[in-house]
Amino acid sequence: MTTGVVLMAYGTPASAEEIEAYYTHIRRGRPPTTEQLDDLRSRYDAIGGLSPLREITQAQRDRLASALGDGYEVALGYKHASPFIEDAVAKLPTDVVGLVLAPHYSRGSIGEYVERLGHPAIESWHDLPEWRAFQANAVRTSLETLPRRTTVLFTAHSLPERVLVDDRYPDELLASATAIAEQAGVSDDAWSLAWQSAGRTPEPWRGPDVLEVMADLDTEGVLVCAQGFTADHLEVLYDLDIAAKARAEQLGIAFARTAMVNDDPAVLGALAERVRSFQR
Ligand code: FEC
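Small disclaimer: the values here were computed from a predicted structure and weren't measured.

You will see that the iron atom of the ligand has only one donor from the protein, Tyr10 (OH), lying 2.3 Å away. With respect to the helices and strands, Tyr10 occurs in the loop between strand E1 (3-9) and helix H1 (19-26).

Moving on: the sheet that holds strand E6 (residues 191-196). Pairing within the open sheet is parallel, and its 4 strands lie in the order E6-E5-E7-E8. Edge positions in the open sheet fall to E6 and strand E8 (254-257), since each of these has one partner strand only. Each neighbouring strand pair of the sheet contributes to a mean axis angle of 25°, computed without reference to strand direction. Strand direction decides the pairing type here: strand E7 (residues 221-225) and E8, joined by 4 bridges, are parallel. In the sheet register, Val222 faces E8, and the bridge partner there is Phe255. Most of the contacts of helix H6 (residues 129-143) go to E7, to which it runs at about 160°, and overall it touches strand E5 (150-157), E7 and E8. Against the sheet, helix H7 (residues 169-184) touches E5 and E6, its axis set at about 140° to E6.

All right, on to the environment of Ile253 then. Relative to the helices and strands, Ile253 resides in the loop between helix H10 (239-251) and E8. The exposure class of Ile253 is buried, given its relative accessible area of 13%. C-alpha separation for the pair Ile253 and Asn137, spaced 116 residues apart in sequence, amounts to 23 Å. If we skip the residues at most four places from it in the chain, Ile253 touches Met214, Thr219, Glu220, Gly221, Val222 and Ala248.

Turning our eyes to something else, we now look at the sheet that holds strand E4 (residues 121-122). Taken in spatial order, the 4 strands make up an open sheet running E2-E1-E3-E4, and their pairing is parallel. In this open sheet, the two strands that pair with only one neighbour each are strand E2 (72-78) and E4. By the bridge criterion, 7 bridges tie E1 to E2 in an arrangement that is parallel. Across the sheet, Ala9 pairs through a bridge with Tyr78, a residue of E2. Across the sheet, helix H3 (residues 53-68) touches E1, E2 and strand E3 (96-100), and the angle it forms with E2 is around 160°.

With 16 residues, H3 ought to run about 22 Å at 1.5 Å a step, and its terminal C-alpha atoms sit 22 Å apart, in line with that. Considered for burial, the residues of H3 that qualify are Leu53, Arg54, Ile56, Thr57, Gln60, Leu64, Ala65 and Leu68. Looking at the buried side of H3, the elements it contacts are E1, E2, E3 and helix H11 (265-277). At the exit of H3 stands Gly69, carrying a positive phi of roughly 70°.

Scanning the model with the defined rule gives 3 aromatic pairs in all. Where Phe154 meets Trp191, the ring centres are 5.6 Å apart and the plane angle is 85°; that geometry is what we call edge-to-face. With a gap of 37 residues between them, Phe154 in strand E5 and Trp191 in strand E6 connect regions that are remote in the sequence. The pair Phe154 / Trp191 is uniform in exposure class, with both members buried.

Right, let's talk about the environment of Ser158 for a bit. Along the chain, Ser158 turns up in the loop between E5 and H7. Linking Ser158 and Val100, residues 58 residues apart in sequence, is a C-alpha distance of 18 Å. Other than its neighbours up to four places away in sequence, Ser158 contacts Trp195, Gln196, Ala198, Trp205 and Arg206.

Rules used throughout
- Residues numbered from 1 in each chain as written.
- Predicted model: local features only at pLDDT ≥ 70, side-chain atom pairs only at ≥ 80, totals over all residues.
- Heavy atoms only, no water.
- Donors = N, O, S within 2.8 Å, 3.2 Å for Na, K, Ca; no water.
- Helix = DSSP H or I, 4+ residues; strand = E, 2+ residues; numbered from the N terminus.
- Pairing = 2+ DSSP bridges.
- Axes fitted to C-alpha atoms, helices over the stretch in contact; angles between N-to-C directions.
- Contact = heavy atoms within 4.5 Å.
- Buried < 20%, exposed > 50% of the residue type's maximum accessible area, 1.4 Å probe, protein only.
- Expected span 1.5 Å × (residues − 1).
- Phe/Tyr/Trp six-rings, centres within 6.5 Å; stacked < 30°, edge-to-face > 60°.

Put into structure tokens, the structure is as follows:
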């Protein structure tokens, strides 16, 4: 019998014409103002017009599918773009397992994917040894290019404080950052957590933001490891590679960002193993 795997990811517009519908979907059906839409368009323009996320997510799917082999059918299901999570469920066999391309659980992140899936799913995988090894190696390699006094900032997408009441997201982020720093040989006083990409809404979002943390640093360099994401996409290519880099230049400190997992064979292979051993 074939097991259906819904590989879930954020999704990105397939063309510039789809940016407005995508943004409206993220805002739960409330269309953005002209100013908000122009702002988002200008961020996509700054990274080359569109995000490479679609191609990267497809490559991640292909890698997972080939690692799983016979007996599994893997379909992509996006949170905010077509094919949606529900489309993927509809085309798969009835025996379905879900996996989200984000390592840490929050009710306001993975929880929303899993609710829409309506089937059992792996809720988080930040403890995957191959993923931690990938990150530790990426930190170690990047540090070689930076001044000796460099701070490592482990970032993840901010969420509204309201969503984080009794939520395990901050603890999972701290647990993985602690393990990765230790594995990479980074001393306790040379790294911290930071948040990024907070929404443009009036309610309070979890901080401190990576840009604020950078402004308070007393070091010669900063290395950002965006542990909360798996791919090179808008929040990495714009918020870090453009905005955070520009802030570092203003501050007169060196800046680098670690490589993203993308379709790394060791990580996707280990995720395939997690899917195989998932107990329902
Ligand atoms: O490359 C791309 O085209 C898409 C990049 C992208 C990823 C991503 C991941 C996460 N988000 C998370 C939470 C929120 C919350 C809001 C929100 C808003 C946006 C907007 C864009 C956007 N997000 Fe996103 N997110 C990406 C893109 N995100 C664009 C809208 C404009 C803006 O604020 O920049 C606020 C929604 C609201 O208004 O109510 C909350 C979380 C993740 C990481 C987990 C995951 O990948 O699912 C959490 C990639």
